[in-house]
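Working through the structure, step by step
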Amino acid sequence: MPSLTSPAPAGPTATPARTTTAATSRTATAARRLVARRLTAVCGTLLAALLCALSVGAGSASAHAALTSTDPADGSVVQTAPREVTLHFSEGVLLSDDSVRVLDPSGRRVDTGKATHVGGTSSTAAAELHSGLPDGTYTVAWKAVSEDSHPVSGAFTFSIGAPSKTTAKVPTGGASDTTVGTLYGIGRYAAYGGFAALVGGCVFAGFCRSSRPVRKIAVGGWVTVFAASLLLLLLRGPYTEGEGIGGVLDLGGLGDVLSTKPGAALLSRLLLLGAAAVFLAVLFGSYTRRTEAKAEAEGETAQAAEAADVRRRQDLAFGLGFGGTVMAVGLAATWAMAEHASVGLQRQLAMPVDVIHLIAVGVWLGGLASLAATLRAGEPIERAAVRRFSRLAFGSVVALVVTGLYQSWRQVGSWGALTDTEYGRWLLVKVGLVAVLVGIAAISRRWTGRLTDATAEAGNAAEAEGPVKAARPVRTGAADAAGAAGAAGAAGDTREIPDASDTPDTPADAEAESGEGEGTGEASGDGAESAAGDDPVRAAQLARQRAARDKTATLRERDADAERSGLRRSVIAETVVAVVLLAVATVLSGTQPGRAETGQAAAAATDPGGRPEVDPVSVLIPYDTGPKSGRGKAVVMIEPALPGDNALHVFLTDPADRPVDVPEVKVALTLKPKGIGPLRIPLEHLSTGHWSAANVQLPMAGTWQLSLTVRTSDIDQVTETRNVKVAQ
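Residues numbered from 1 in each chain as written. Predicted model: local features only at pLDDT ≥ 70, side-chain atom pairs only at ≥ 80, totals over all residues. Heavy atoms only, no water.

1. Concerning helix α3 (residues 212-241)
For the α-helix, the turn length of 3.6 residues means that residues three or four positions removed from each other point alike. With 30 residues, α3 should reach 44 Å at 1.5 Å per residue; the first-to-last C-alpha distance of 44 Å fits that figure. In α3, a bend of some 45° at L235 exceeds every other bend along the element, and P238, a proline, comes one to four places later. Positive backbone phi, approximately 75°, marks G242, located one or two places after α3. (Helix = DSSP H or I, 4+ residues; strand = E, 2+ residues; numbered from the N terminus. Expected span 1.5 Å × (residues − 1). Bend = angle between axes of the 7 residues up to and from the residue.)

Rendered as structure tokens:
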């Protein structure tokens, strides 16, 4: 577009050159738009595929505290009613009064109503039972909150005397309501994303360049993390108690949440965000104004102003750097002290490492978003600023790799857990995304190098060709628009400016319109100038038109710079992958670590005494002593059917499956290959149709022969034999 103060040369010699230039510009612009559309399609496909993968696995994220053993054991049959029920977990849990509920066969509660830790050990839970409980099957329903803030729940059964039918309802779903759980997950993701945008935007503004797009990124991050943290605080009670969305109105529950570690962390985060708001006001207020004033000053005036103001700017920069570091560390610590890093081994080291990891994520990903927004808006940015961010991003990646390796070892524990556990598989997805992100970052660094070389070559060419016309600054805002109107009037701009609705939509349209208006500039000069001076509305219209043309020129210059366009596309691609990477990181923080999952599996294979736990051995033995009343069925159960101490139960029923008593029942065990036995088992009659023996010692594993003798009268009896296997 020609200069508004210098008419373009007219005549037939100028038209072919202009036509050729316009055609070339349109062809190049169309090619770049085609490449941009293809890149957008590829990035969109990648984003959709990865988000689909997230939706498949996110719903099955495991809780972190696992139930390792119970007393009485799940499915066991005890001879006498226990005084209490005890649960052992893989890590500490937080309890409420109704964390453990014990229900009798009819569904009525038989516990005292208050769950406690055994001996002050946070990884246990116990509930006292009422005395005199009758025989039957009892259901234990439990719920708690693990130390890393995730709710857990479950149920198991045990029997007193003999198993029976039960009408107690056993919970089968998760601990939280579906709607509440979904909103809570969205809030967690938004909090992570807002933190990254806040930290990255502030660091980019302080070290690289502050502009309106960067300010929007940082302030938007603050608003997002504040709103998400407030939402999480309100949803925390319903999330852990399994209530519906209406639970957010329970102020009493909010008080209980604030007394827990996750609630205190969320409250601390909100308070720190209040201080961060002041930090943002200073960073994008006085500090930015001083920096821009220094950049715009020229000549001796700039040197004098810089000498007088340098001390003040240094003090302000130091204060902002120190305060920003303190707030970033504090905000990151609200996650570290309430999630994975706060439990497990080496927690004193793990929490500082987690803080460094989170800050590095924020500097890298939030800085990427700031750079992408700056390039997308066509804001001028020096090559030195881009190189400074490149160095910051490289340092962040190094910190991420070092801290990530430590966290992976701490949370996974073994190579096998990488593929055998859900946490390990998600970790592999995260590592793959980081590798993709680093690859795209390498391409961005190459574009940065080309940008530097291209700028230098342009400067050398300018020096060789001599003085060139100064570039017209981009004007934005009402103040700049008014200034443009005044400048236009003072310069004697005589071209008639069309209505704002005729503003060119594309650089090609703007160029065409500029060409058409060249010949009429002088003819309409006096009228336009007088109209602009006498009519304020016309002056404002002229200013808006000038601003629109300046913006069009800026976008044309942006698209014409191949190096800048390539850097912009690669940075946008990095940002797209970073969004998915942040989603994977959020899922990881809500998934049971691989080390805990493998430890849970190992603990589930052993009882508290360290013996492998197997299913009890049950043998069904029909018997018939002769008369009609001498027919029935016997069930012999050996628990746990392992070498050492065992319990043996005999249940007798008639053909209608009703418990029945007989004058005598005898049991003997023989291990013929080893010459052991017969071992006669003394039985105690406990209830109708139920005999039992405790402390049955089986010296070794093998296939034992079980002999059952049932006597139904003085002369009618029968002996049946079956084989039972005692495991190692």
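2. Regarding the packing of aromatic side chains
For the structure on display, the rule yields 8 aromatic pairs. Pairing Y184 with Y239 gives two aromatic rings, centres 4.0 Å apart and planes at 5°, and the pair type is stacked. Of this pair, Y184 sits in helix α2 (residues 178-207) while Y239 is found in helix α3, placing the two residues 55 residues apart along the sequence. Taken individually, Y184 and Y239 each receive the classification buried, so the pair is uniform in this respect. Members of the aromatic cluster, joined through ring pairs, are Y192, F195 and W335. The side chain of R269 reaches across the aromatic face of W335, ending 3.8 Å from its centre. (Phe/Tyr/Trp six-rings, centres within 6.5 Å; stacked < 30°, edge-to-face > 60°. Buried < 20%, exposed > 50% of the residue type's maximum accessible area, 1.4 Å probe, protein only. Lys NZ or Arg CZ within 6 Å of the ring centre and 35° of its normal.)

3. Observations concerning the pattern of salt bridges
Inspection of the entire model under this criterion finds 7 salt bridges. Across the salt bridge formed by R711 and D714, the nearest N and O atoms sit 3.8 Å from each other. We classify D714 as exposed; its relative accessible area is 74%. Put simply, R722 and E720 hold a salt bridge, and the shortest N to O gap is 3.9 Å. Judged by its relative accessible area of 29%, R722 is partly exposed. (Salt bridge = Lys/Arg side-chain N within 4 Å of Asp/Glu carboxyl O.)

4. Describing unusual backbone geometry
Of the consecutive residues D71 and P72, the connecting peptide bond is found in the cis state with omega at 5°. Position of P72 relative to the elements: it lies in the loop between β1 (67-71) and β2 (77-78). The omega torsion across E639 and P640 is 5°, close enough to zero to call that bond cis. Here P640 shows up in the loop between β11 (631-639) and β12 (644-653). The phi dihedral of A641 is positive, around 65°, even though this residue is not glycine. By the element assignment, A641 lies in the loop between β11 and β12.

5. Considerations on the sheet that holds strand β14 (residues 676-681)
Taken in spatial order, the 4 strands of this open sheet run β14-β13-β17-β18, and their pairing is antiparallel. Edge positions in the sheet fall to β14 and β18 (717-726), since each has one partner strand and no second. Going across the sheet, the axis of each strand differs from the next one's by a mean of 20°, ignoring polarity. (Pairing = 2+ DSSP bridges. Axes fitted to C-alpha atoms, helices over the stretch in contact; angles between N-to-C directions.)

6. Comments concerning the environment of H357
Structurally, H357 can be placed in helix α7 (residues 347-376). Residue contacts for H357: discarding those within four places in its chain leaves L400, T403, G404, Q407 and K430. (Contact = heavy atoms within 4.5 Å.)

7. A look at the sheet that holds strand β10 (residues 617-624)
To summarise the sheet geometry, strands pair through backbone hydrogen bonds and adopt either a parallel or an antiparallel arrangement. Here we have 5 strands laid out as an open sheet, ordered β10-β11-β12-β16-β15, and antiparallel in their pairing. Where the open sheet ends on each side, the last strands, each with one partner, are β10 and β15 (684-687). Neighbour-to-neighbour, the strand axes of this sheet turn through a mean angle of 25°, independent of strand direction. In the sheet, β15 pairs with strand β16 (residues 690-698) via 3 bridges, with the strands oriented antiparallel. Paired with E684 across the bridge in β16 is S692.

8. Some details on a nonpolar patch on the surface
A contiguous nonpolar patch, built from L183, I186 and I245 and spanning about 240 Å² of accessible area, is present on the exposed surface. Within the secondary structure, L183 sits in helix α2. (Patch = residues over 30% accessible without salt bridge, like charges linked within 9 Å, V, L, I, M, F, W, Y side chains within 5 Å. Areas by Shrake-Rupley, 256 points an atom, 1.4 Å probe, with all protein chains shown as cover.)

9. Quick notes on the pairing of β14
Pairing between strand β13 (residues 664-671) and β14: 4 bridges, direction antiparallel. By the bridge assignment, A668 is partnered in β14 with R680.

These figures come from the coordinates and say nothing about function on their own.
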